[in-house]
Structures are given as C-alpha cells and as structure tokens.
Amino acid sequence: MRRLLLSNDDGVHAPGLRALYEALEPHARLRVVAPDRDRSGASNSLTLNRPLALTALDNGFHCVDGTPADCVYLGVNGVWDERPDLVISGINHGGNLGDDVLYSGTVAAAMEGRNLGMPAIAMSLVGSRHFDTAGRVAASLVGAADQLSLPPRSLLNVNVPDLPWEEIQGFRVTRMGYRGPAARPMEVRDPRGRLRYWIAAVGENADDGPDTDFAAIEAGFVSITPLQTDLTQRAAIADVQGWLDAFT
C-alpha cells in the first residue's frame, strides 16, 4: 500500500488536516507530521538556530515545534526508516492562489517534499466550510498519482472552491494569477501605548485572466497549478547580460 506523509501549516490540530487524514486513510498508509501551532505564512523557512522536538500525540499524529518545512524534512529524511511515496500538505484553511504561494507554509511543506525527492501536492480550501469536498478531491488525485509524470523539482498546487461536492464544476489545469500590492500595515497601540503594526490584507487581483487559478475558483472549478522550484527568469538572462556588459 502506498505510503503518504501528511503535513500542513495550520497546525497539528487543524480541521483541514483531520479531514485530509480521514479522506486518505482508506487508500494509503499515512504518517502525519505537522507544526505544533499555526505557522501560516512561514514559507520555506527552516529552523537552524536550535534543535527541534518531535512529539507523538495520542491520536498517532506527530507534531514539531518548528515550521512546515521542518516537519517534512523530519518526516522524510531520517526519523523513520521508510520514506514516503508522496507528500501531501493541507488541507489549508483558505486559498493559496497567485502570489500567495510565495508566502504559504502549505506550499512550502509540499516543496520541501519535492526538494527531498518526493512527488508532492499542496491542498487548499478557498474558505472554511467544505473540508469534506477538498478531502474527496485529494483522494481522487492520490488515486491517480501513479499515472502523473512531472518534470524534476515540480509539484502541484491544488485549490478547491468552498462548495458541496455536487456543486463542483470540474477540474482545470491553471497558471498562477497575480495580485496587486498589499495594503499598508495597520497601526495599533499595545496596552503600554507602544506603536505596533499588523500585516494587512493581500492586494486585489491584478491578473485573474480565464486561464488563472483565480478564474477557476470563481467559476466553481478545482484549480490545479503545476509549480516549479526554479525561479530563474530565463527570458531576462540576455537583457541582464547586455546590461552587465555595458558597464564592465
């Protein structure tokens, strides 16, 4: 039976992680390694300034006092003798659309699995109600994962509309959309009168064309976006070389 490693960034007690576990338990051998608290927005950070604690919980899950990437690193790379066949991160409480993937701990957990040589999927629900729908989507994808061939160092970013299963319109392969600049931070005063700042909401959609993840969700489709870890902008290499040659 296929071995799956499950992780997330919302924390080991998050309802989305439980929903993912329940949806996949009939289909695979599961190991859960997730942060001990909400680590949303942690992106690909690793904890390098202290050792990590891996704690077994009564329900069989394991938690780590670190980041999502820490969790997958420990789950894949040496804590257990058996390596997983597939890493799945989620189900995130809220979408990871467009530029969100640069900050997302959900995507980062899947990316860490991919960096360690595992096929990987990041799962997000664009809302907070229908985790059962996202679980059914995850089970469908896992059931067909053996037939998928991706280029090296790539993964799937899956976003599911917050709808009952019977209202899902289907599946679309999409590209990342883009958001505009984020809002200014919100100023607040702490109880001692000191000025503090809350990071504000994400920017409005700047590119939500018909082939984007934004458009698919808006139309009621599951969005599946292949991502790559190589961020090189190859189209700019010649321009940068010309600019460099001009003053060196």
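The name given to the chain in an unreviewed UniProt entry is 5'-nucleotidase SurE, with Billgrantia sulfidoxydans as the source organism. According to its UniProt record, the chain has this under Catalytic activity (unreviewed entry): "a ribonucleoside 5'-phosphate + H2O = a ribonucleoside + phosphate".

Glancing now at a nonpolar patch on the surface. A cluster of nonpolar side chains, namely V240, W243, L244 and F247, defines an oily patch on the protein surface of about 430 Å² accessible area. Mapped onto the fold, V240 is located in helix 6 (residues 237–247).

With that out of the way, let us pick up the nonpolar core. Counting 32 residues, the largest nonpolar core has L6, L24, I88, M123, V158 and V160 as its most contacted members. Breaking this core down by element, the ones donating at least two residues are strand 1 (3–7), helix 1 (15–24), strand 2 (29–35), strand 5 (86–93), strand 6 (120–126), helix 4 (131–143), strand 7 (154–161) and strand 13 (221–228). Tallying contributions element by element places helix 4 first for this core, with 7 residues. For L24, the contacting residues outside a window of four places in its chain are L4, L6, L30, I88, A138, A139 and V142. One finds L74, V76, M118 and L227 within the second-largest nonpolar core, a separate group that totals 19 residues.

Basis of the calculations
Residues numbered from 1 in each chain as written. Predicted model: local features only at pLDDT ≥ 70, side-chain atom pairs only at ≥ 80, totals over all residues. Heavy atoms only, no water. UniProt positions renumbered as here; feature names shortened; annotations may be inferred. Patch = residues over 30% accessible without salt bridge, like charges linked within 9 Å, V, L, I, M, F, W, Y side chains within 5 Å. Areas by Shrake-Rupley, 256 points an atom, 1.4 Å probe, with all protein chains shown as cover. Salt bridge = Lys/Arg side-chain N within 4 Å of Asp/Glu carboxyl O. Helix = DSSP H or I, 4+ residues; strand = E, 2+ residues; numbered from the N terminus. Core = buried A, V, L, I, M, F, W, Y, C linked by side-chain atoms within 4.5 Å. Buried < 20%, exposed > 50% of the residue type's maximum accessible area, 1.4 Å probe, protein only. Contact = heavy atoms within 4.5 Å.

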